[in-house]
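Geometric and topological summary
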Amino acid sequence: MPTSSSTEPISTQARDGFVPPPEAVRTVGRVHLGAMREHDRKVVLLHWEGGRWQDTPDWRLDRQVIRLGLHLQSRVGLAQGERVVILSPLRREWLLADLSAAVQGAVAIAVDPDLPEPALAAALAQIAPRAAFVAGPDELERLESVREGIPGLEEVIAFEGPLAPERAALLCEVLDLGGTLDTAERAGAFRARAREVSPDACALGYVERGADGSTACRYLSHCEVTARLAHLGARATVRKGDVAYLTGSAVTPELRLALLAFAGDGSTTTAIGTPGRAAVEISALRPHKIVAPPEVLLAAATQVTPRREGKGGARGWLERAAHLVPRSRERSRRQESLAALGGRARWIHPTAVPDSSVRGRLHHAVTIDLVSSDGACWT
Amino acid sequence: MTKLDAVVKELANLGWRGFQAVNERVPDSPSPSPEWAPGPLLKTYQRTKPPLGWPRETDSLCPRCVVETRSAIIRGERDLAELVDGHVGEVKAHILEEGGRLVIRKACPEHGTFEDLLSIDPEFSRIVESRYYGRDFRTLGDEKVHRHGTSSIRYGRGAVLTIDLTNRCNMMCSPCFMDANQVGYVHELTLDEIKEILDDSISFKPRRQMSVQFSGGEPTMSPHFLEACRYAKEIGYYSVQAATNGLRFALEPEFADQAKEAGFDIAYFQFDGVTNEGNSHRHITNLFDVKQKAIESLHAADIDILPVTTVVNTVNDRQVGPILQFVIDNCDKMGGVSFQPVSFTGRDEDISDQDRHRQRYTISHLAHDLSRCFDGKLDPHRDWYPLGAMGAFTALADHLRALSGPESNRFGGLCCSCHPNCGSSVLLVANRRTKAWGAITQFFDMDRFIKDVGVICDTGRGKGLSLTQVALAFLRNFDARKAPAGLTLFEFLKLFNYKMGGSVLGYKEKEADWTVLWVGGMWFQDLWTYDFRRTEMCVIPYGTQEGEVSFCAYNTGVGWRQIVENMHSVARTPEWFNARGKHKIYAGDRPMQVPGKPSLKLPILQAGGTPRVREIG
């Protein structure tokens, strides 16, 4: 069982179908540094807050990764190969937490905060993290209920409060403290350290639940992660000005890899979806790429059906006539679905195996990517 | 000059005179009242001026009384209200001409007589004062922001709003009016405080465009530098600059790109000489090499660079010529240079009288040194205008924008209307490729053009007629015979339009080959040269937690800096280092390590003035 001080990856076998990328971008850190140094993108993330979309510019993400990373290094004592867990649903701070650990050679592990307590306790005991990120007070409480089993845990950082300071540090305060560590010399050293991380070292982890309720932590090395990112980049072609929309209640490996891929390509702006607002947000943003659970995709795709009967003239009659033909009717429904998803999506990736209704509605209209993170093909 | 140029000039002159023959007989139209202004735009005859000429009497400070009172307030023995409501250390001073020099002399009943030099060329000073365009609006609704007793700003919009983000610095220089690293406490603004200062700055009238200058200590050491740049742009300011030593940009080139993305436009760049020896008083032995690396990073990120040189007589005064030559030779990367004659404040307030007299350097010194260095190509009497003369161009820009409709009226133009003794400048044109250059006043009758601008603004005609007059004024004052080789009328007009924000031609386009270089002398006051008539019309205030304070009242004078910083200090320095970590300080006469080597070919003048091309890296 790996300990928090272990630097040996559990699984470093390259999977079939994923070709290792060039040496220059074979670690998460190098991908991130490359994206931050040479890019055409002004905004890396969007999230909905206060009644409008709030942006995170590229430069802010870069600085925050450095500051949070320096805080973890200098104040928490996080070393390369040690573990950091993230107990949170998808939100804008997720990418920051993930990168701050992975870029400097620590291992960031996603843990579903809704795991039953025994499974959560077992998973965390197995992982033995040095630091933990939690979304807020609820997730903190869950962590504290099993904290006895993780004696090596040094610090807990919460994305939002309110919290008593002795229970956890708030991310905004940590960034503030990290800000004064953020000097040119330390930032340079942080980047140099990121470049030195071995591609064979562990980068990311996630917890799998077995049918019997047992948990097992799976790891991906930097080389494996970047191979998947490159694969995603090839399937979801990158164009300047692209907008991606990501949503999901749990941060699945697919969702996480997509988030890293879009942030790392240096061109895509990623909108983090708000629970319950996917259809509205997709309709407003008109993203070029969508990653979402199948049920969300289906709900969004069936949102708006333009009333055919209202159209007059020859065009309206032609459309009504075409609707009587099954093939035309099917094509027409797919086009309506695409229109309901904003009309610009070139690539759609469900985060779980979609049922035939989703496949049927979307297939052929856009590239719907049914290849999962472990290489399994769903078509 | 071709015959066509001569004909155009003469026709324009006739056209102007013919136009004015009618124009001046028609009553002046009322001035526009844009939303940002406290009233209608000022006619020239409505602009006031401070007392000028000599001999004259003014209000000043006793250097000893002020220091004693300030210390007592900081120790808590006397009340801050004394500074606001009282007349601490105030004495009358006389400005007079003696022995071919201008001097300021004052007497304190307790501490005796003090005297200092203001100018080595009274005729230079007289001409500069005569070219002053007049004061701007009085401020209105500014009680929250301007509340500093006799040190309060009373006139003008301001041109540069300085905000000290932190008093921490990564150098230990002498001179340093900040006294960074020596005061024993850390004064650093939070992001909320920065936002509040910026919000307050647009809360009263005249609401004006300013260049927001983040300063310190070293502003790039503040963790909020990037966010501060972004917020300044968000609330509507179009120019963000930082007074920086450039070390961060040399050490971390990525930071320059990020700063540009965040809204950072201009590096007001500390630059004391074109050799490492010329910078030796900054205590980093390879500082010039580091500066070159910083210039490379800033230029690559498309950030404008304005070198700033503190000139100290007998220390680096011989560098002024080589520095200007360096700027001309790199005019594709730099927009000019700001020479700042030393002000004995901060760490240098304890200077002995002997050293003060020996090191004193004035703008008149600068004008004559540059004239000598360039064999008379720059003329002290022809070429130097007070910074406040720029007010004429702002008045024209305000007038034209007001005629363009309400959408262009959220902010008044950037207006430099400071006292003529605060600073002077000369404008050069330079070709980025050929490096040909000349003073604008060599081929353009600036005196007459400013008078023409006054007529245009005073008569206040509609947009078409105003632009017609601008064109005629421009053409009649431009003498192509005397312009540098290759500078045509149209190129000069494009330069002028760009500097006016596009308000003449209706679009803003950067001229490709030619650029304007601003060569300025900004002479901040110290306790020996202090004049309240200057501080009350300061255009470069400090935005602080205690309102906007005149630059000189903050850094010297009664010492508002020490008072504000003590009131709002965050921690004692050792506590700060303990809790937050210590930043690296480059000092002790050692070299700095920077990543890589600068790869620019920078023509450098050796200390003796002989040019050579130095290939770096």
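The model shown is predicted, which means the values in this text are computed figures rather than measured ones.

**So, the overall build of chain A**
When helices and strands are counted, chain A shows 14 helices and 14 strands. Within chain A, the proportion of its 379 residues that are buried is 54%. Within chain A, contacts between residues separated by at least 24 positions form 74% of all contacts whose residues are at least 6 apart in sequence. Only carbon and sulfur atoms are counted for the fraction: they give 51% of the accessible area of chain A, which is about 15,900 Å².

**So, the packing of aromatic side chains**
All names here are of chain B. A full pass over the atoms with the stated rule returns 27 aromatic pairs over all chains. Plain terms: the ring middles of Phe 478 and Phe 492 are 5.5 Å apart, the flat faces sit at 25° to each other, and that makes the pair stacked. Of this pair, Phe 478 sits in the loop between α16 (463-477) and α17 (489-499) while Phe 492 sits in helix α17; the two residues are 14 residues apart in sequence, bridging distant segments of the chain. Note on accessibility: Phe 478 and Phe 492 belong to one class, buried.

**What to know about the nonpolar core**
Leu198(B), Phe214(B), Phe225(B), Phe264(B), Leu370(B) and Leu428(B) are the most contacted members of the largest nonpolar core, which totals 84 residues. Once residues lying within four places of it in the same chain are set aside, the contact partners of Leu198(B) are Leu161(B), Ile163(B), Val212(B), Ala228(B), Tyr231(B), Ala232(B), Ile235(B) and Tyr237(B). Counting 62 residues, the second-largest nonpolar core is a separate cluster that includes Leu33(A), Ala35(A), Val84(A) and Ala263(A).

**Things to note about the sheet that holds strand β3 (residues 83-87) of chain A**
Residues and elements named next belong to chain A. Taken in spatial order, the seven strands make up an open sheet running β7-β6-β5-β3-β4-β8-β9, and their pairing is mixed. Every interior strand has two partners, whereas the edge strands, β7 (169-170) and β9 (215-221), have only one. With five bridges joining them, β3 and strand β4 (residues 107-111) adopt parallel strand pairing. Its bridge partner being in β4, Leu 87 is matched across the sheet by Val 111.

**Here we look at the interface of chain B and chain A**
Interface extent is often summarised as the accessible area lost during association of the parts. The partner chain A presents 23 residues to the 25 residues of chain B that form the contact. In total, chain B and chain A occlude about 2,100 Å² of area from one another, counting both sides; carbon and sulfur atoms represent 43% of this. Between Asp176(A) and Arg580(B) there is a salt bridge, with the nearest N and O atoms lying 3.7 Å from each other. Run the count over chain B and chain A and you get 14 residue pairs in polar contact (both at pLDDT 80 or more). If you list the elements that add at least two residues to the side of chain B that touches chain A, you get α6 (225-234), α7 (247-251), α8 (253-262) and α21 (573-580) of chain B. Among the elements that make up the side of chain B that touches chain A, the one with the highest residue count is α8(B) (seven residues). A per-class count over the side of chain B that touches chain A returns nine nonpolar, four polar and twelve charged.

**Section: the packing of helix α6 (residues 171-181) of chain A against α21(B)**
Between α6(A) and α21(B), whose axes approach to 9 Å, the crossing angle comes to 110°. In terms of orientation, α6(A) lies roughly perpendicular with respect to α21(B). Here α6(A) contributes Asp176(A), Leu177(A), Thr180(A) and Leu181(A) to the contact with α21(B), which in turn contributes Trp576(B), Ala579(B) and Arg580(B). Split by residue class, the contact of α6(A) with α21(B) holds four nonpolar, one polar and two charged.

**What about the sheet that holds strand β1 (residues 56-61) of chain B?**
All names here are of chain B. The sheet built from four strands is open, its strands ordered β1-β2-β3-β4 with antiparallel pairing. Taken across any chain shown, the strands that pair with only one partner, and hence form the sheet edges, are β1 and β4 (112-119). In this sheet, neighbouring strand axes are inclined to one another by 30° on average, regardless of whether the strands run parallel or antiparallel. Taken together, the six bridges between strand β2 (residues 90-98) and strand β3 (residues 101-108) define a ladder with antiparallel strand orientation. From the neighbouring strand, Leu 96 faces β3, where its bridge partner is Val 103.

Calculation criteria
- Residues numbered from 1 in each chain as written.
- Chains lettered and ligands numbered in written order.
- Predicted model: local features only at pLDDT ≥ 70, side-chain atom pairs only at ≥ 80, totals over all residues.
- Heavy atoms only, no water.
- Helix = DSSP H or I, 4+ residues; strand = E, 2+ residues; numbered from the N terminus.
- Buried < 20%, exposed > 50% of the residue type's maximum accessible area, 1.4 Å probe, protein only.
- Contact = heavy atoms within 4.5 Å.
- Areas by Shrake-Rupley, 256 points an atom, 1.4 Å probe, with all protein chains shown as cover.
- Phe/Tyr/Trp six-rings, centres within 6.5 Å; stacked < 30°, edge-to-face > 60°.
- Core = buried A, V, L, I, M, F, W, Y, C linked by side-chain atoms within 4.5 Å.
- Pairing = 2+ DSSP bridges.
- Buried area = accessible area lost by both parts, 1.4 Å probe.
- Salt bridge = Lys/Arg side-chain N within 4 Å of Asp/Glu carboxyl O.
- Polar contact = N/O pair within 3.5 Å; in protein donor to acceptor, adjacent residues only side chain to side chain.
- Nonpolar A, V, L, I, M, F, W, Y, C, P; charged D, E, K, R; others polar.
- Axes fitted to C-alpha atoms, helices over the stretch in contact; angles between N-to-C directions.
- Parallel < 35°, antiparallel > 145°, perpendicular 65-115°, else oblique.

Honestly, that's just the spatial picture; any functional story needs more than this.
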